Amino acid sequence: MPCPSSCPPGLLALMAPGLALMAAFSLSSQAGDRRALPVEKPSGVKGRTLILLDVNTKSPVRIISENFLSLQLDPSIIHDGWLDFLSSRRLVTLARGLAPAFLRFAGKRTDFLQFHNVKNPAKSRGGPGPDYYLKNYEDARSLDKLYNFADCSGLHLIFALNALRRNPNNSWNSSNALSLLKYSASKKYNISWELGNEPNNYRTLIGRSVNGSQLGKDYTQLRSLMQLIRTYSRAHLYGPNIGRPRKNVIAFLEGFMKVAGGTVDAVTWQHYYIDGRVAKVTDFLKTRLLDTLSDQIRKIQKVVNTYTPGKKIWLEGVGATSSGGMNNLSDSYAAGFLWLNTLGLLASQGIDVVVRHSFLDHGHNHLVDQNFNPLPDYWLSLLYKRLIGPKVLAIHVAGLQRKPRPGRVIRDKLRIYAHCTSYHNHNYVRGSITLYIINLHRSRKKIKLAGTLRDKIVHQYLLQPYGKDGLHSKLVQLNGQPLAMVDDGTLPELKPRPLRAGRTLVIPPLTMSFYVVKNVNALACRYR
């Protein structure tokens, strides 16, 4: 199947051991376990705190995947009739803008899909309840369209197989999966695989549970099947894609790791911040909400490092809200604070890949709306992809005040992260550094670059809401210019605002921004 026509084949001697330093940090000696120490601010004085920022340019503290920011498509696109639109030139252009990345095809309906090796099967559709899902079929034509979209967009497809086809003894019935594997191999499709989606919730879905040990056996069985098929004998396998790591879910993961920890290439889990049914725009500004992810990361890392030290960990399936999100909230500019902080926090704590749920057609957590228009989180993701490289750098932040007064603090509402600038961005020479900053304060903040960053030319990429809706806006502006596609095959040029060397960075209130510090010649960033 041909692709759409647009398809071409970084002052201070001490360096903090982690990246996510908020307002002024001295952090614990172990990267990833950090709490902000207070920076004092005189009462009644706005904007007088000058924040000094330096970056350790000698070596990275983490190196994440080139595909760190990746995407998810929910299988609901089959039932909802959106699959045919994957051939849209506009969608391919939008997806290609976020390449390189993984495209994970998985979601709630994963475990109710059946594959049929026919081109045009008769599809019956039922009412609500389990039968509604069971009457969804993926045929060869659907798989072809899905793979073609991923291939044309420069994305690597990860396909989650149905884990709820069970034998009487509760073992996995692999016959349907084998049919899909054989068909994909016959087409020479380069696919990675998973089995099931959020298996700890199966009892809720069908009244029948699968424990971690049994799922581990099922993964071992799937690996054996893959080794029988030459095309997939060395393909990657990921899982178990558990939900939020509460006590019972941790027990599930432990059972899985005992059996299949060495079978999977990365351990995966999901996270949604808030209940979409009660979300308010102010929820996205709460620092304690932004920090909920840190505890989950530690829990997952503890289990994984117990059984398979060094195994890569992915966050698969992440969104601002559960229950599909809420219109004008989880698809608005305000939701970007959670999304950008998620990216920074995960990278700083060594999570290799994060998969955003969803690229298209899943409630209001998506990056692209149903008219194929990019939403604020899409533009945020595009900037991230264009400017951020896989090498994470340690930073040191300190606050200087004119009249320090104990008890007055700047909370962790200013979040600063640093990476080597993307090697794929040819506008910047290797050795450049990109900072990205989240200002949750309702006042502007000033940052003075120091040490290795002092007196360097800086390019500013300031992302703000556009229009009268403010934080609720679904439109954004970059350095004062609204962002929109030029045409179906062309994304707009992301033009920076050059700042003179040595200029203090002024961060507007309630904004997200990227700053490329040019020509730092950072040793950590010279080589891939």
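Above this text you will find the structure in question.
Given the structure is predicted, the values throughout are model-derived calculations rather than measurements. (Residues numbered from 1 in each chain as written. Predicted model: local features only at pLDDT ≥ 70, side-chain atom pairs only at ≥ 80, totals over all residues. Heavy atoms only, no water.)

Trainee: I keep staring at the overall build of the protein and nothing clicks. Help me out?
Mentor: When you go through the protein residue by residue, the secondary structure sums to 12 helices and 26 strands. Counting over 528 residues, the protein shows a buried share of 60%. Carbon together with sulfur atoms contributes 49% to the accessible area of the protein, which is approximately 21300 Å² in total. (Helix = DSSP H or I, 4+ residues; strand = E, 2+ residues; numbered from the N terminus. Buried < 20%, exposed > 50% of the residue type's maximum accessible area, 1.4 Å probe, protein only. Areas by Shrake-Rupley, 256 points an atom, 1.4 Å probe, with all protein chains shown as cover.)

Trainee: Explain the nonpolar core to me, please; I cannot follow it from the model alone.
Mentor: As a rule of thumb, nonpolar side chains are buried together in soluble globular proteins. With 127 residues, the main nonpolar core has Leu73, Trp193, Tyr232, Trp269, Phe359, Tyr384 and Phe514 as its most contacted residues. The element that contributes the greatest number of residues to this core is helix α11 (residues 336-348), accounting for 8 residues. For leucine 73, the residues in contact, after removing those within four places along its chain, are Leu86, Leu103, Arg104, Phe105, Ala106, Leu146, Phe149, Ser358, Phe359 and Leu360. (Core = buried A, V, L, I, M, F, W, Y, C linked by side-chain atoms within 4.5 Å. Contact = heavy atoms within 4.5 Å.)

Trainee: Which parts of the structure should I look at to understand the packing of aromatic side chains?
Mentor: Given two aromatic rings, their pairing is described by the distance between the two centres and the angle made by the two planes. Overall, the coordinates contain 19 aromatic pairs when judged by the stated rule. Ring geometry for phenylalanine 105 and phenylalanine 159: centres 5.5 Å apart, planes at 35°, overall tilted. Here phenylalanine 159 lies in strand β9 (residues 155-161) and phenylalanine 105 lies in strand β6 (residues 101-105), a separation of 54 residues in the sequence. Judged on exposure class, the residue phenylalanine 105 and its partner phenylalanine 159 are both buried. Consider the rings of tyrosine 147 and tyrosine 189, whose centres lie 4.1 Å apart with planes at 20°: the pair is stacked. Here tyrosine 189 lies in the loop between α5 (175-186) and β10 (191-195) and tyrosine 147 lies in helix α4 (residues 140-153), a separation of 42 residues in the sequence. Since its relative accessible area comes to 13%, tyrosine 147 is described here as buried. (Phe/Tyr/Trp six-rings, centres within 6.5 Å; stacked < 30°, edge-to-face > 60°.)

Trainee: Sorry if this is basic, but what is going on with helix α7 (residues 212-228) here?
Mentor: Each full turn of the α-helix corresponds to 3.6 residues, which orients residues three or four apart in the same direction. Here α7 is 17 residues long and its end C-alpha atoms lie 25 Å apart, about the 24 Å a rise of 1.5 Å per residue gives. Looking at α7, one finds that the buried residues are Gly212, Gln214, Leu215, Gly216, Asp218, Tyr219, Leu222, Arg223, Leu225 and Met226. Of the surrounding elements, those touching the buried residues of α7 are β9, α5, β10, β11 (237-242) and α8 (247-260). Of the residues that open α7, the one with a side-chain oxygen 3.3 Å from the backbone nitrogen of serine 213 is asparagine 211. (Expected span 1.5 Å × (residues − 1). Polar contact = N/O pair within 3.5 Å; in protein donor to acceptor, adjacent residues only side chain to side chain.)

Trainee: Looking at this structure, how should I read the pairing of strand β15 (residues 388-392)?
Mentor: The side chains of a regular strand alternate, residue by residue, between the two faces of the sheet. In terms of burial, β15 is a largely internal element, 5 of the 5 residues being buried. One ladder, built from 2 bridges, connects strand β4 (residues 62-63) with β15; its direction is antiparallel. Directly across from isoleucine 63, in β15, lies its bridge partner lysine 391. Looking at chain direction, β15 and strand β18 (residues 414-421) are connected through 2 bridges and run antiparallel. Looking at the pairing, valine 392 lines up with histidine 419 of β18. (Pairing = 2+ DSSP bridges.)

Trainee: Which parts of the structure should I look at to understand the state of the cysteines?
Mentor: Where two cysteines share a covalent bond between their sulfur atoms, that bond is called a disulfide. Scanning the model with the defined rule gives 1 disulfide in all. Two residues, cysteine 420 and cysteine 525, share a disulfide whose sulfurs are 2.0 Å apart. Disulfide cysteine 420-cysteine 525: torsion about the S-S bond near -80°, hence left-handed. Of this pair, cysteine 420 sits in strand β18 while cysteine 525 sits in the segment after β26 (511-517), placing them 105 residues apart in sequence. On the accessibility criterion, cysteine 525 (1% relative accessible area) is buried. (Disulfide = S-S within 2.5 Å.)

Trainee: Sorry if this is basic, but what is going on with the packing of helix α2 (residues 89-96) against α4 here?
Mentor: Angle between the axes and distance between the axes are the two parameters that describe a pair of packed helices. One can describe the packing of α2 onto α4 by two numbers: an axis separation of 8 Å at closest approach and a directional angle of 55°. As far as their axial angle goes, α4 and α2 are oblique. Crossing of α2 over α4 shows right-handed handedness. Mapping the contact onto sequence places Leu91, Val92, Ala95 and Arg96 in α2 and Phe149, Cys152 and Ser153 in α4. (Axes fitted to C-alpha atoms, helices over the stretch in contact; angles between N-to-C directions. Parallel < 35°, antiparallel > 145°, perpendicular 65-115°, else oblique. Left-handed = near helix turned anticlockwise from the far one by under 90°.)

Trainee: Is there a simple way to think about unusual backbone geometry in this case?
Mentor: With glycine set apart, most residues show a phi of negative sign, and most peptide bonds adopt trans. That bond from glycine 239 to proline 240 is cis: its omega, 5°, falls within 30 degrees of zero. The residue proline 240 is located in strand β11 in this model. Here the residue pair histidine 357 and serine 358 is connected by a cis peptide bond, since its omega of 15° sits within 30 degrees of zero. Tracing the sequence through the fold places serine 358 in the loop between β14 (353-357) and α12 (376-387). The backbone phi angle of asparagine 521 is positive, close to 60°, even though this residue is not glycine. Structurally, asparagine 521 can be placed in the segment after β26. The exposure class assigned to asparagine 521 is partly exposed, which follows from its relative accessible area of 46%.

Trainee: I tried to follow the pattern of salt bridges on my own but got confused; where do I start?
Mentor: Think of it this way: side chains of opposite charge can pair up when their charged atoms draw near. Scanning all chains against the criterion turns up 16 salt bridges. Among the ionic pairs, arginine 166 bridges to aspartate 218, the shortest N-O distance being 2.5 Å. Taken together, the residues span a long stretch of sequence, with arginine 166 in the loop between β9 and α5 and aspartate 218 in helix α7 at a distance of 52 residues. With a relative accessible area of 13%, arginine 166 lands in the buried category. Salt-bridge contacts for aspartate 283 lead to lysine 286; the nearest nitrogen and oxygen are separated by 3.1 Å. For aspartate 283, a relative accessible area of 8% gives the class buried. A cluster of three or more residues bridged by salt bridges with shared partners is formed by Asp84, Arg141 and Lys145. (Salt bridge = Lys/Arg side-chain N within 4 Å of Asp/Glu carboxyl O.)

No statement about biological role is implied by the geometric values presented.
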